[in-house]
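Below, each chain spelled out in residue letters.
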Amino acid sequence: MSPSFFNRSLELLKRELDTIKYTIGTRPSLSHEKWFGLFSSEGQMIGQERFHEYLLNYEWPGELLQEGWKFLFSYYDIDSQHDERVLSGKDFEKQLRKWLHLWKALQDREGPEGDRVRKLIYLINKDVHRTDRDHAFYKDCPENSDILRDLLVTYSFMNPDVGYVQGMNELLSLFLVTIEDKVAAYWAYHNYLTCNKIFYSSTGLMAKLNATAELVATHDRELYEKLVTLECGNMLFCQRWLLLGFKRESKNFAMAVKIFTLLNTVQPSHYLTLTGAGKCDLPSLDMFLVVAVLSSYRREILSFKDQTDVYQWTRKLKLADMAAIATAKQLYCCYAKDC
């Protein structure tokens with residue numbers, strides 16, 4: 001590992017890691033008093049370290065988590081005042097409306113641009129109708145599925161270098177259901193993918209899987225060698241875990257939101273880089289969560305006979321509590337402080 005990588009970010013990260021309490025049981029609920037105590041009279045967040053501590057160690061009521069995610073995923077500038085956020089929100093809404101109008105005007109036209117829009121709509125429609133369909137957000141208001149589709153088409157059309165891949169529907173749904181505002185959800189999702197879009201390419205994903213394999217091998221050589229014997233040493237069986245933040249592996253939507261919040265608090269995506277050699281200099285927390293999950297099922301995995309056993313196990317896997325994420329944070333803290 002290069003001794004000079006991201007020194008400034010690493011120091012910030014270590015300070016954040018020092019606030020983690022590693023509790024597994026019931027966490028205290030964040031009060032409105034604590035939330036409002038983070039801000040000055042002008043609405044500027046003056047308690048940024050406490051904000052991250054609250055994300056790590058408190059249960060967030062829905063209306064506060066909506067606001068918290070807007071800061072966490074940079075819809076709000078962390079240093080902005082209230083009036084500035086109102087103005088930027090209007091600008092974001094105007095830009096989104098412009099892009100929505102652009103592709104909708106093209107969908108009935110002949111030519112390559114119209115073809116591209118129609119292809120995106122076709123691909124996205126197939127996934128949207130099965131996205132979190134049992135959640136009240138969609139079940140009680142089917143029009144929200146149309147909003148999800150329109151936002152996915154907008155992002156994919158305006159970012160042809162990324163486009164649309166299966167799974168993006170589930171990610172955007174996390175943002176839309178949690179924030180409950182289509183403009184803020186779109187831009188939070190946009191910012192998340194801006195930092196992580198490399199992992200939606202085959203090169204970036206394979207680099208992350210290779211780095212995850214190295215972590216597993218370093219942590220538990222016997223377990224990794226068993227995975228190699230089972231023809232799973234390439235870690236392809238866990239690519240969905242990494243791409244979707246363990247969403248499908250969570251016991252319910254609320255647990256998925258908790259895990260996704262922690263994954264993006266302890267390891268903000270700007271801490272993660274890929275060198276030219278394709279090695280992750282500073283692995284992200286989701287990679288350590290892979291290690292923690294595999295470790296917790298170590299005995300079972302060592303008994304597997306072939307690759308089929310691995311994939312059958314992954315299909316049944318459900319994270320029912322915060323034990324694995326607590327272990328992942330502990331592993332991550334040890335790793336970061338040894339850098």
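The residue numbering used here restarts from 1 in each chain and proceeds along that chain's sequence as written. Whole-chain, interface and lining totals are the exception, using all residues; otherwise, since this is a predicted model, local features are given only for residues with pLDDT of at least 70 and side-chain atom pairs are given and counted only at 80 or more. Excluding hydrogens and water, the side-chain values take into account all heavy atoms of the structure.

> Go over the overall build of the chain with me, naming the residues and quoting the values.
What counts as a helix is a DSSP run of H or I of at least four residues, what counts as a strand is a run of E of at least two, and both are numbered from the N terminus. Scanning the chain from terminus to terminus reveals 18 helices and zero strands. We call two residues contacting when some pair of their heavy atoms lies within 4.5 Å. Sequence-distant contacts, at least 24 apart, represent 74% of the contacts inside the chain between residues at least 6 apart. In this description, accessible areas are obtained by the Shrake-Rupley approach with a 1.4 Å probe, and a residue is regarded as covered only by the protein chains that are shown. For the chain, the computed accessible surface area is about 16,300 Å², with 51% contributed by carbon and sulfur atoms.

> Account for the layout of surface pockets, naming residues and giving values.
Put simply, the grid is 1 Å and covers the protein atoms alone, a cavity is a trapped set of points that fit a 1.4 Å probe, a pocket is an open set with protein on both sides within 12 Å along at least five of seven lines, and lining residues have an atom within 4 Å of a point. Grid points are joined across faces, edges and corners, and a volume is the space filled by probe spheres set on the points. As a volume, the second largest pocket reaches approximately 400 Å³. What lines the second largest pocket is a set of 23 residues, and nearest its centre among them are Arg130, Asp132, Glu170, Lys247 and Arg248. For the lining of the second largest pocket, the elements supplying multiple residues, two or more each, are helix 9 (168-179), helix 14 (253-266) and helix 17 (307-316). Gly is placed with the polar residues, together with every amino acid not listed as nonpolar (Ala, Val, Leu, Ile, Met, Phe, Trp, Tyr, Cys and Pro) or charged (Asp, Glu, Lys and Arg). A per-class count over the lining of the second largest pocket returns three nonpolar, eight polar and twelve charged.

> Quick rundown of the packing of helix 5 (residues 82-106) against helix 10 (residues 182-196)? Include the residues and the values.
As a packed pair, helix 5 and helix 10 sit with axes 10 Å apart at the nearest point and diverge in direction by 85 degrees. Relative to helix 10, helix 5 is oriented roughly perpendicular. Note on element contacts: helix 10 touches helix 5 through Lys182, Val183, Tyr186 and Trp187, opposite Gly89, Phe92, Glu93, Gln95, Leu96 and Trp99. For the contact of helix 5 with helix 10, the class distribution of residues is six nonpolar, two polar and two charged. A fitted line through C-alpha atoms represents every axis, and for helices the fit uses only the stretch in contact; the resulting angles, taken between N-to-C directions, go from 0 to 180 degrees. Any angle from 65 to 115 degrees is called roughly perpendicular, while one under 35 is roughly parallel, one over 145 is roughly antiparallel, and all others are oblique.

> Go over a negative patch on the surface with me, naming the residues and quoting the values.
Nonpolar side chains (Val, Leu, Ile, Met, Phe, Trp, Tyr) within 5 Å and like charges within 9 Å form the patches, drawn only from residues with over 30% relative accessible area and no salt bridge. Salt bridges are defined as contacts in which a side-chain nitrogen from Lys or Arg sits within 4 Å of a carboxyl oxygen from Asp or Glu. Residues counted as positive are Lys and Arg, residues counted as negative are Asp and Glu, and His and the chain ends are not counted. Here the site of a charge means atom NZ of a Lys, CZ of an Arg, CG of an Asp or CD of a Glu. A cluster of acidic residues, Asp77, Asp79, Asp83 and Glu84, forms a negative patch at the surface. Following the sequence through the fold, Asp83 ends up in helix 5. Judged by its relative accessible area of 57%, Asp83 is exposed. Partly exposed residues are those whose accessible area sits between 20% and 50% of the maximum for their type, while under 20% is buried and over 50% is exposed, using a 1.4 Å probe and protein chains only.

> Hey, could you go over the nonpolar core for me, with residue numbers and the actual values?
Throughout, nonpolar core names a set of buried Ala, Val, Leu, Ile, Met, Phe, Trp, Tyr and Cys residues whose side chains join them through atoms within 4.5 Å. Counting residues in hydrophobic clusters, the biggest one holds 107 residues, and the most contacted among them are Trp60, Trp69, Phe175, Met235, Phe237, Trp241 and Leu294. When residues no more than four places from it in sequence are discounted, the contact partners of Met235 are Leu209, Thr212, Ala213, Val216, Leu227, Val290 and Leu294.

> Residue-level account of empty space enclosed by the protein, with values.
Tallied over the full model, the rule gives three cavities of 30 Å³ or more. Within this model, the second largest cavity holds a volume of roughly 60 Å³. Lining the second largest cavity, in full, are Tyr192, Asn196, Phe199, Tyr200, Lys208, Leu242, Leu243 and Asp286. Elements with a minimum of two residues in the lining of the second largest cavity: helix 10 and helix 13 (239-244).

> Please set out the side chain of Ser250 residue by residue, giving values where relevant.
Here Ser250 shows up in the loop between helix 13 and helix 14. With a relative accessible area of 4%, Ser250 lands in the buried category. Setting aside residues up to four positions removed in sequence, Ser250 forms contacts with Met255, Ala256, Ile259, Lys318 and Leu319.

> Account for the pattern of salt bridges, with residues named and values stated.
Evaluated as defined, the whole model comprises 18 salt bridges. A cluster of three or more residues bridged by salt bridges with shared partners is formed by Lys104, Asp146, Arg149 and Asp150.

> Tell me about the confidence of the model for the chain, and please be specific about residues and values.
Think of pLDDT as the predictor's per-residue confidence, scored from 0 to 100. Taken residue by residue, the chain gives an average pLDDT of 88. The fraction at 70 or more is 87%. Across residues 1-14 the pLDDT falls below 50, and counting only partners more than four positions away or on other chains, this stretch makes 24 contacts in the model. For residues 19-24, every residue scores under 50 in pLDDT, and the model assigns this stretch 17 contacts once sequence neighbours within four places are set aside.

> Explain unusual backbone geometry residue by residue, including any values.
The residue Asp132 is not glycine, and still its phi comes out positive at about 45 degrees. Backbone geometry places Phe246, a non-glycine residue, at a positive phi of 65 degrees. Note that Phe246 resides in the loop between helix 13 and helix 14. Classification of Phe246 as buried rests on a relative accessible area of 0%.

> I'd love a proper account of the environment of Thr265, names of residues and values included.
Take Thr265: it is sitting in helix 14. In sequence terms Thr265 and Phe51 are 214 residues apart; their C-alpha atoms lie 9.8 Å from each other. Pairing of N or O atoms within 3.5 Å defines a polar contact, subject to two protein rules: one partner must be a possible hydrogen donor and the other a possible acceptor, and residues neighboring in sequence count only if both atoms are side-chain atoms. One polar contact links the side chain of Thr265 to the main-chain carbonyl oxygen of Thr261, over a distance of 2.7 Å.

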